[in-house]
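Take a look at the letters that make up each chain.
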Amino acid sequence: MFDEAAEPTLAYAERQDRADGLARFREAFYLKPGTVYMDGNSLGLLSKPAERTFLEALEDWKEYGIDGWTRGRHPWFALSERLGGMMAGLVGADADEVIVTGSATVNLHQLVATFYRPHGARTKLLADELNFPSDLYALQSQLAVRGFDPDGSLVCVKSPDGRFLDEDAIIEAMTEEIALIVLPSVLYRSGQLLDMERLTADARRRGIPIGFDCCHSVGAVPHAFDAWGVDFAFWCSYKHLNGGPGCPGGLYVNRRHLGTRPGLAGWFGSRKDRQFDMASSLTPAESAGAYQIGTPHVLSLAPLIGALGLVGEAGIEAIRRKSLGLTRYLMGLIGQELAGFGFRIGSPVEDARRGGHVGLEHDEAARICKALKERGNVPDFRAPNMIRLAPAALYTSYREVWDVVQVLRDIMEKQAFKAYPNERDIVA
Ligand SMILES: *Cc1c(COP(=O)(O)O)cnc(C)c1O
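Predicted model, so just to flag it, every value in this text is computed and none were measured. (Residues numbered from 1 in each chain as written. Predicted model: local features only at pLDDT ≥ 70, side-chain atom pairs only at ≥ 80, totals over all residues. Heavy atoms only, no water.)

A.B. asks: Which parts of the structure should I look at to understand the packing of aromatic side chains?
C.D. replies: Here a ring pair, both rings aromatic, is described through the centre-centre distance and the interplanar angle of the planes. The tally for this structure, following the rule as stated, stands at 18 aromatic pairs. A centroid spacing of 6.1 Å and a plane angle of 40° characterise the contact between Trp69 and Phe268, whose relative ring orientation is tilted. Residue Trp69 is located in the loop between α2 (48-64) and α3 (79-91), and its partner Phe268 is located in the loop between β8 (250-253) and α9 (298-314); the two are separated by 199 residues in the primary sequence. Judged by its relative accessible area of 3%, Phe268 is buried. Both rings, one in Tyr329 and one in Tyr398, keep their centres 5.8 Å apart while their planes meet at 50°; by these two values the pair is tilted. A residue pair is termed long-range when its members are at least 10 positions apart, and Tyr329 in helix α10 (residues 316-337) and Tyr398 in helix α12 (residues 398-414) qualify at 69 residues. Each member of the pair Tyr329 and Tyr398 is classed as buried. Joined through ring pairs, the aromatic side chains of Trp69, Trp76, Phe77, Trp267, Phe268 and Phe276 make up one cluster. The ring of Tyr30 carries Lys48 above its face, with NZ or CZ at 5.5 Å from the centroid. One cation-aromatic arrangement involves Arg353 over Phe164; the distance from NZ or CZ to the ring centre is 5.8 Å. (Phe/Tyr/Trp six-rings, centres within 6.5 Å; stacked < 30°, edge-to-face > 60°. Helix = DSSP H or I, 4+ residues; strand = E, 2+ residues; numbered from the N terminus. Buried < 20%, exposed > 50% of the residue type's maximum accessible area, 1.4 Å probe, protein only. Lys NZ or Arg CZ within 6 Å of the ring centre and 35° of its normal.)

What follows is the structure in structure tokens.
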């Protein structure tokens, strides 16, 4: 039973695996024998359905040439809208409020260009100092192109400990100077899940539009954007959604804003029946499709068709339940098996505040990661001192979580990490 309190033993892992209703999904993925993959929050693995839809898209090109836009198994012209519909349930939205397009950073640019409306004393952007760097770069450059000082006009809520954010402090920063708020759903290092419902309610009470970067939550955590009244959100599809490297991300715009003209316009934002009128001014789609810019990256989208099918079949509630079970067990094992080796858990222990991964801090983290990797375990490293471990509900077993912690213990007992330099690789 998943509700059983996590007990840090091998027998517990074996019981959980036997009772795992998602166990069958593991076979759908390309897992390397002898390797435990714990990096699905950086790049999810390839599945057989994703491979199939990718090959089908290539076949359609081979078979139909230009007519692939409207013919074949996955006609390209409405593919972004179709995928938006497949993702809508993951974020608690209607199909027409979600479009699959762009990268997370490009979507952030689009959404800020659309919803940042400085007026009177309200000119500043509110974010946080733990935000993903690309988001901060995008916000700074959006301020600069509007003629504002990128540093002075970007208010970043401070973290008291470098790991977590305090919702009260964020709400306190929602002052009369703030024109727009952009926050992460799940922090990419510590895995803290912010209370998006509460933050949205407070922002709306003050009349400030609020949007979330959901790169680390979509596919791992359920969302209820419509019910919460979130203004907009964006995310990538190559992490917990397993869409593949370079797969386009998603973008959500609340229904009350549909019809708002896109800040960055392009012909793929047209009403679909008007796009090929080739008019000299844009007639935007009445859906989130309006915020597309140029031609969709069809071949990069194609694996997502199969990948999203798996997530949909498993169901996001079941994925969340198992994901929490895995990370709870992992933290219990760390507490018991790695005590005395200088590790600190850098993630929230409360289920309601934790996303899909666990951050493990250690002064020697960079080289402990290298030692883990060389022993067939794939974590990732975030400078200066964090090992991130992401057991994926669709393809990680409890037994693998046990195994990784045993390998970690062996590395520490034998001090095997000392054979490696304590520095990060180019891609960490
Ligand atoms: C992975 C990630 C991104 C990546 O943005 P891209 O534009 O897809 O490169 C952005 N924000 C967060 C929080 C992320 O975790």
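A.B. asks: Explain the sheet that holds strand β6 (residues 210-213) to me, please; I cannot follow it from the model alone.
C.D. replies: Two pairing modes exist for strands in a sheet, parallel and antiparallel, and in both the strands are linked by backbone hydrogen bonds. Overall, mixed pairing links the seven strands, which are arranged β2-β8-β7-β6-β5-β3-β4 in an open sheet. Here the strands that pair on one side only, and so sit at the sheet edges, are β2 (98-100) and β4 (154-157). Neighbour-to-neighbour, the strand axes of the sheet open up by a mean angle of 20°, direction not taken into account. Here three bridges tie β2 to β8, and the two strands are oriented antiparallel to one another. Within β8, the residue paired with Val100 across the bridge is Gly250. Across the sheet, helix α4 (residues 104-115) touches β5 (178-184), β7 (232-235) and β8, and the angle it forms with β7 is around 165°. (Pairing = 2+ DSSP bridges. Axes fitted to C-alpha atoms, helices over the stretch in contact; angles between N-to-C directions. Contact = heavy atoms within 4.5 Å.)

A.B. asks: How should the UniProt feature "binding site: pyridoxal 5'-phosphate" (unreviewed entry) in the protein chain be read in this particular structure?
C.D. replies: Sites flagged by UniProt as "binding site: pyridoxal 5'-phosphate" (unreviewed entry) map to Thr105, Phe132, Pro133, Ser134, Asp135, Asp213, His216, Tyr238, Trp267 and Thr295. What stands out for the annotated residues spanning 191 residues is how far apart their C-alpha atoms range, the widest pair being 29.9 Å apart. Examined against the element boundaries, Asp135 turns out to sit in helix α5 (residues 133-145). (UniProt positions renumbered as here; feature names shortened; annotations may be inferred.)

A.B. asks: What is the right way to read the site of the ligand from this model?
C.D. replies: Neighbouring the ligand are Ser103, Ala104, Thr105, Phe132, Asp135, Asp213, Cys215, His216, Cys236, Tyr238 and Lys239. Between an oxygen atom of the ligand and a side-chain N or O atom of Ser103, the distance comes to 3.2 Å. Asp213 is positioned with one of its side-chain polar atoms (N or O) 2.7 Å from a nitrogen atom of the ligand. Grouping the constituent residues of the shell around the ligand by class yields five nonpolar, three polar and three charged. (Near = heavy atom within 4 Å. Polar contact = N/O pair within 3.5 Å; in protein donor to acceptor, adjacent residues only side chain to side chain. Nonpolar A, V, L, I, M, F, W, Y, C, P; charged D, E, K, R; others polar.)

A.B. asks: Looking at this structure, how should I read the domain arrangement of the protein chain?
C.D. replies: Taken as a whole, the protein chain is organised into domain 1 (10-30 + 315-419) and domain 2 (51-313). A separation of 29 Å is found between the C-alpha centroids of domain 1 and domain 2. If you look at the interface, domain 1 gives 29 residues, while domain 2 gives 24 residues. Surface buried jointly by domain 1 and domain 2 totals about 2,200 Å² across both partners, of which 54% is contributed by carbon and sulfur atoms. Applying the counting criterion to the domain 1 and domain 2 interface returns two salt bridges. Linking domain 1 with domain 2 are 14 residue pairs in polar contact (both at pLDDT 80 or more). Looking at the side of domain 1 that touches domain 2, the elements that each hand over two or more residues are α10, β10 (358-361) and β13 (386-389). (Domains from an automatic or database assignment. Buried area = accessible area lost by both parts, 1.4 Å probe. Salt bridge = Lys/Arg side-chain N within 4 Å of Asp/Glu carboxyl O.)

A.B. asks: In this structure, what is going on with the side chain of Thr396? I would like to understand it.
C.D. replies: By secondary structure assignment, the location of Thr396 is in the loop between β13 and α12. Beyond its immediate chain neighbours, meaning those up to four positions away, Thr396 contacts Arg26, Tyr37, Met38, Lys322, Leu326, Pro391 and Val401.

A.B. asks: Before we go on, may I ask you to explain the pattern of salt bridges in this structure?
C.D. replies: Oppositely charged side chains may form a pair once their charged atoms are brought near each other. Here the structure, examined in full by the defined rule, presents 32 salt bridges. Between Arg255 and Asp94 there is a salt bridge, and its shortest N-O distance comes to 3.0 Å. Pair noted here: Arg255 is in the loop between β8 and α9 and Asp94 is in the loop between α3 and β2, with a separation of 161 residues, a long-range link. For the salt bridge of Lys370 with Asp425, the shortest nitrogen-to-oxygen distance reads 3.1 Å. Placement of Lys370 in helix α11 (residues 365-374) and of Asp425 in the segment after α12 is noted, with a sequence separation of 55 residues between them.

A.B. asks: Help me understand the sheet that holds strand β12 (residues 380-382) in this model?
C.D. replies: Pairing in this open sheet of four strands is antiparallel, and the strands run β9-β10-β13-β12 from one edge to the other. The open sheet terminates on both sides in strands that have one partner only, identified here as β9 (344-345) and β12. Pairing between β10 and β13: four bridges, direction antiparallel. Looking at β13, one finds that Gly359 is bridged to Arg388. Packing of α11 onto the sheet brings it into contact with β12 and β13, and relative to β13 it is tilted by some 40°.

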